[in-house]
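# Residue-level structural notes
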Amino acid sequence: MSLKDIAAQILAEGFNPETDPVSDFDNLPDGTYDAILENVEWRVSDSGFEWLSLQFTILNEGFENRKYFGMISFSNEKMMKLNIKIAMKTAAALGIELTAESFEQPEVNLVEAFQEGLGREVELELKSWTSKKTGKSGQNFTASPAVPFS
């Protein structure tokens, strides 16, 4: 199917580019989820924004196999200390110990460190936010060690 065919199909389905969302992807509801770390990447946007991307798979009934993409940014100097602490806390929840050297060449060292946690389970607490200043919204996460099943 060509791009033209796909565009014609979208328009025939009634898509309104002025008012309709482009994605039917919704955030997970705020709450706590059991999740497994599935992938880790260092990402850089065209504008130079850099972040550690953590892909989790949700295990909870009703949300099984949904993905959550956690992002820890390292581009905003005001938030640098906070985000380093978030990275350390997330790593600890995965049973990974980060050192100061982990943050030297983070696109290599930090990614390699987090790869040790692939396949490990954590509890993710998700909280939505909206900026009063810009109107942008998102969802923050906090990782804790998984509670052993009895």
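Model, not experiment: these values are computed from the prediction.

If you tally the helices and strands in the protein, you get three helices and five strands. Each helix and strand of the protein, ordered N terminal to C terminal, gives the series α-β-β-β-α-α-β-β. When its C-alpha atoms are laid out on the principal axes, the protein stretches across 55 × 45 × 35 Å. Burial status across the protein gives 28% buried among its 150 residues.

Counting 29 residues, the largest nonpolar core has Leu-52, Leu-54, Leu-98, Phe-114 and Leu-124 as the members making the most contacts within it. Counting residues per element, the ones that place at least two in this core are strand E1 (31-44), strand E2 (50-58), strand E3 (67-73), helix H2 (80-93), helix H3 (109-115), strand E4 (121-130) and strand E5 (137-145). Broken down by element, the residue count for this core peaks at five residues, all from E1.

Glancing now at the environment of Gly-48. Inspection of the secondary structure puts Gly-48 in the loop between E1 and E2. Here Gly-48 falls in the partly exposed class, since its relative accessible area comes to 37%. Residues Gly-48 and Ser-75, 27 residues apart in the sequence, show an inter-C-alpha distance of 8.0 Å.

The subject of this paragraph is the pattern of salt bridges. Counted according to the given criterion, the structure contains two salt bridges. Linking Glu-41 and Arg-43 is a salt bridge whose minimum nitrogen-to-oxygen distance equals 3.8 Å. By relative accessible area, Arg-43 is classed as partly exposed at 36%. Note that Lys-127 is salt-bridged to Glu-125, the shortest N-O span being 3.6 Å. Classification of Glu-125 by relative accessible area gives partly exposed; the value is 34%.

This part is about the packing of aromatic side chains. Counted by the stated rule, this structure contains six aromatic pairs. Considering the side-chain rings of Tyr-68 and Phe-141, the 6.0 Å spacing of their centres and the 70° angle between planes classify their relative orientation as edge-to-face. Of this pair, Tyr-68 sits in strand E3 while Phe-141 sits in strand E5; the two residues are 73 residues apart in sequence, bridging distant segments of the chain. A residue is classified by how much of its surface remains accessible, and Phe-141, at 9% relative accessible area, is buried. Through successive ring pairs, a cluster of aromatic residues spans Trp-42, Phe-74 and Phe-103.

Looking now at the sheet that holds E5. Across the sheet, five strands lie side by side as E3-E2-E1-E4-E5; this open sheet has antiparallel pairing. Strands at the two margins of the open sheet, each flanked by one partner only, are E3 and E5. Put simply, the sheet's adjacent strands are angled 40° from each other on average, direction ignored. Where E2 meets E3, seven bridges bridge the pair, whose relative direction is antiparallel. Across the sheet, residue Leu-54 finds its bridge partner in E3, namely Gly-70. Contacting E2, E3, E4 and E5, H2 crosses the sheet at an angle of about 45° to E5.

A few words on a nonpolar patch on the surface. On the surface, Met-1, Leu-3, Ile-6 and Ile-10 cluster together to form a nonpolar patch covering roughly 460 Å² of accessible area. In this fold, Ile-10 is placed in helix H1 (residues 3-12). On the basis of relative accessible area, Ile-10 is assigned to the partly exposed category, the value being 38%.

Conventions used here
Residues numbered from 1 in each chain as written. Predicted model: local features only at pLDDT ≥ 70, side-chain atom pairs only at ≥ 80, totals over all residues. Heavy atoms only, no water. Helix = DSSP H or I, 4+ residues; strand = E, 2+ residues; numbered from the N terminus. Buried < 20%, exposed > 50% of the residue type's maximum accessible area, 1.4 Å probe, protein only. Core = buried A, V, L, I, M, F, W, Y, C linked by side-chain atoms within 4.5 Å. Salt bridge = Lys/Arg side-chain N within 4 Å of Asp/Glu carboxyl O. Phe/Tyr/Trp six-rings, centres within 6.5 Å; stacked < 30°, edge-to-face > 60°. Pairing = 2+ DSSP bridges. Axes fitted to C-alpha atoms, helices over the stretch in contact; angles between N-to-C directions. Contact = heavy atoms within 4.5 Å. Patch = residues over 30% accessible without salt bridge, like charges linked within 9 Å, V, L, I, M, F, W, Y side chains within 5 Å. Areas by Shrake-Rupley, 256 points an atom, 1.4 Å probe, with all protein chains shown as cover.

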